[in-house]
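# Structural overview for review
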Amino acid sequence: MIRVNPHYSKIQANYLFAEVAQRVKNYLAAHPGADLIRLGIGDVTHALPAVCVEAMVRAAREQGSDETFHGYGPYYGYEFLREAIAKTDFQARGCDISAEEIFVSDGAKCDVGNFQEIFDTDIRVAVPDPVYPVYVDTNVMAGRTGAHVGGNYEGLTYLVGNEANGFVPPVPAEPVDLVYLCFPNNPTGAVATREQLQAWVDWARANGALILFDAAYELFIQDPAIPHSIYEIPGAKEVAVEFRSFSKTAGFTGTRCGYAVVPNECRAYDASGAAVPLQPLWKRRQSTKFNGVSYPVQAAAAAVYTPEGQAQCRALIAGYLANARIVLEHLNAKGYKTFGGANSPYVWFNAGMESWGFFDRLLNEAQVVTTPGCGFGNAGAGFIRITAFNSRENVERAMERLDKIL
Ligand SMILES: *Cc1c(COP(=O)(O)O)cnc(C)c1O
């Protein structure tokens, strides 16, 4: 008899965005034609940088001629892109990362979700709370957790972020083998200082653990003291894998490109306690299950690393960050305790009441759609996430409405 993966039955329905959509639908049914402003979804709203579009069109034309046609590309990405990434994103920041340590993919969600496959089923896993749900659900599917009880999965360690620690959780007191970190953070917008990241790297080295560092929002960092990469931290290459994405930094959410950094020195251990380099395992996994990112998309991603591309991405991000600043100013003026927004497109704030109640209030009284923090984990209860991914005009209109009702 064909049987299903029993662990899938433990996974909670993706309640958060479905419930947001349902409440919006109900509101619109009762108020046809209402002028809703959506500050809830974590998707960019502005077009790709022009230099990326030009590169993609050129590359698409190359695919239309026998002389310039590209068939299957290299499993780990074209050299032209891996070299540009290594140089601009790492070497220029003093990180000793080479093109051979870069693995191009169709986005960070896949990489972050797939990476756990190369580890044993019975390792102990820690995730942040509040959390980007991919870290949790992929480990549930793999059978690394027990049942969902009281909002948490049994067998997972939750690294609780709160106002006291500024949503940068300390290293766990209990034994953990694999930890997911995300800075700048989704959903809280928090960033980690050099000292905080050093503490995590030191902990991983002392405990034979590994850090999966999600830096999808790296380019939003404005504070020069905040590290952009975990490899800015001494000792990180042995104990950390980093994930990056062109989605939020260059508008690639619908175009699809990202990459993982798996340094030569990065290691895990076998059952006898002997160190095993991770890079050959990731190469084996990718070359078996993945056939590379399309040539036009890699050409578009490489254009990000031209001087024009860098300027155009910075301009995109400056626009979103200006939106975030407007949101922060209005919420702070009303006395709300806010987090994020300065080095991140997300503003996270203490609603002073239960998340869904506050969500409903903003929807019903201001026609502004947000995201209830409780949907990202127990530690998000009482918080709201507002995203800067919208036009300046819509953000300003939304804040005028909030000024009136709050
Ligand atoms: C958006 C996002 C990603 C990127 O996903 P892609 O698959 O590259 O579009 C990764 N991690 C976090 C935390 C995100 O919010």
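Refer to the structure above for everything that follows.
Residues numbered from 1 in each chain as written. Predicted model: local features only at pLDDT ≥ 70, side-chain atom pairs only at ≥ 80, totals over all residues. Heavy atoms only, no water.

## Re unusual backbone geometry
Between Asp-129 and the following residue, Pro-130, the backbone shows a cis peptide bond with an omega angle of 5°. The peptide bond linking Phe-183 to Pro-184 adopts the cis configuration, its omega dihedral lying at -10°. By the secondary structure assignment, Pro-184 is in the loop between β7 (178-182) and α6 (194-207). Of note, Phe-167 is a non-glycine position whose phi angle comes to about 65°, a positive value. Among the structural elements, Phe-167 can be located in the loop between β6 (157-160) and β7. (Helix = DSSP H or I, 4+ residues; strand = E, 2+ residues; numbered from the N terminus.)

## A short note on the pattern of salt bridges
Inspection of the entire model under this criterion finds 19 salt bridges. Arg-397 is paired through a salt bridge with Asp-35; the nearest N and O atoms lie 2.1 Å apart. One end of the pair, Arg-397, is in helix α12 (residues 392-405); the other, Asp-35, is in the loop between α1 (15-30) and β1 (37-38), and 362 residues separate them in sequence. Classification of Arg-397 by relative accessible area gives partly exposed; the value is 24%. Of the charged contacts, one joins Glu-117 and Lys-289 as a salt bridge, the two residues approaching to 3.0 Å between their closest N and O atoms. On the criterion of sequence distance, the pair formed by Glu-117 in the loop between α4 (108-114) and β3 (125-129) and Lys-289 in helix α8 (residues 278-289) is long-range, its members being 172 residues apart. Salt bridges linked by common partners bring Asp-89, Glu-218, Glu-242 and Arg-244 together as one network. (Salt bridge = Lys/Arg side-chain N within 4 Å of Asp/Glu carboxyl O. Buried < 20%, exposed > 50% of the residue type's maximum accessible area, 1.4 Å probe, protein only.)

## Some thoughts on the site of the ligand
If you check the shell around the ligand, you find 14 residues, and the closest are Tyr-217, Ser-245, Ser-247, Lys-248 and Arg-256. In the environment of the ligand, an oxygen atom lies 2.7 Å from a nitrogen or oxygen atom belonging to the backbone of Ala-108. In isolation the ligand has 390 Å² of accessible area, and contact with the protein removes 93% of it. Elements with a minimum of two residues in the shell around the ligand: α4 and α7 (247-250). In the shell around the ligand, the residues fall into six nonpolar, four polar and four charged. (Near = heavy atom within 4 Å. Polar contact = N/O pair within 3.5 Å; in protein donor to acceptor, adjacent residues only side chain to side chain. Areas by Shrake-Rupley, 256 points an atom, 1.4 Å probe, with all protein chains shown as cover. Nonpolar A, V, L, I, M, F, W, Y, C, P; charged D, E, K, R; others polar.)

## Let's talk about helix α11 (residues 355-366)
The α-helix advances 3.6 residues per turn, and as a result positions three or four apart in sequence lie on the same side. With twelve residues, α11 extends 16 Å between its outermost C-alpha atoms, agreeing within 8% with the 16 Å of an ideal straight helix rising 1.5 Å per residue. Buried residues belonging to α11 abut α1, β14 (346-350), β15 (368-369), β16 (371-372), β17 (383-387) and α12. Where α11 begins, one side-chain oxygen reaches toward the backbone nitrogen of Trp-356, 3.0 Å away; that side chain belongs to Glu-354. Of the residues one or two after α11, Gln-367 is the one with positive phi, at around 55°. (Expected span 1.5 Å × (residues − 1). Contact = heavy atoms within 4.5 Å.)

## Considering the side chain of Ser-355
For Ser-355, the position within the fold is in helix α11. A distance of 3.5 Å separates a polar atom in the side chain of Ser-355 from the backbone nitrogen of Cys-374. Residues within four places of Ser-355 in sequence aside, it is in contact with Pro-372, Gly-373, Cys-374, Gly-380, Ala-381, Gly-382, Phe-383 and Ile-384.

## Remarks on the side chain of Ser-247
Here Ser-247 lies in helix α7. With sequence-adjacent residues up to four places away left out, Ser-247 is seen in contact with Val-44, Phe-252, Thr-253, Arg-256 and Cys-257.

## Quick look at the packing of aromatic side chains
On inspection of all chains with the given rule, the structure shows 32 aromatic pairs. Measuring from centroid to centroid gives 5.3 Å for Tyr-78 and Phe-80, while their planes differ by 15°, and the two rings are stacked. Overall, the relative accessible area of 11% leaves Tyr-78 in the buried class. Centroid distance Phe-167 to Phe-383: 5.3 Å. Interplanar angle 85°. Geometry classified as edge-to-face. Here Phe-383 lies in strand β17 and Phe-167 lies in the loop between β6 and β7, a separation of 216 residues in the sequence. Neither residue differs from the other here; Phe-167 and Phe-383 are each classed as buried. Three or more aromatic residues joined by ring pairs make a cluster, and in this case those are Phe-90, Tyr-231, Phe-246, Phe-252, Tyr-259 and Tyr-305. Stacked on the ring of Phe-103, the Lys or Arg Arg-82 has its end atom at 5.5 Å from the ring centre. (Phe/Tyr/Trp six-rings, centres within 6.5 Å; stacked < 30°, edge-to-face > 60°. Lys NZ or Arg CZ within 6 Å of the ring centre and 35° of its normal.)

## Re helix α10 (residues 307-333)
With 27 residues, α10 should reach 39 Å at 1.5 Å per residue; the first-to-last C-alpha distance of 38 Å fits that figure. Immediately beyond the C-terminal end of α10, within one or two residues, lies Gly-335, with a positive phi of roughly 90°.

## Looking at the sheet that holds strand β9 (residues 240-245)
Pairing is mixed across the open sheet formed by seven strands, whose spatial order is β2-β10-β9-β8-β7-β3-β6. Of all the strands in the sheet, the pair left with one neighbour each is β2 (102-105) and β6. Each strand of the sheet is rotated relative to its neighbour by a mean of 20°, with strand direction disregarded. (Pairing = 2+ DSSP bridges. Axes fitted to C-alpha atoms, helices over the stretch in contact; angles between N-to-C directions.)

## Concerning the pairing of β2
Side chains Ile-102 and Val-104 of β2 all project onto a buried face; the interleaved residues Phe-103 and Ser-105 project onto the opposite face, where all are buried too. Pairing geometry for β2 and strand β10 (residues 258-261), over four bridges, is antiparallel. Residue pairing in the sheet places Ile-102 in a bridge with Val-261 of β10.

## Some details on the pairing of β9
In terms of burial, β9 is largely enclosed, as six of its six residues are buried. Going residue by residue along β9, you find Ala-240, Glu-242 and Arg-244 tucked away on one face and Val-241, Phe-243 and Ser-245 tucked away on the opposite face as well. Where strand β8 (residues 210-214) meets β9, four bridges bridge the pair, whose relative direction is parallel. In the strand pairing of β9, Asp-214 is matched with Phe-243.

Function-wise, these values are silent; they only describe arrangement.
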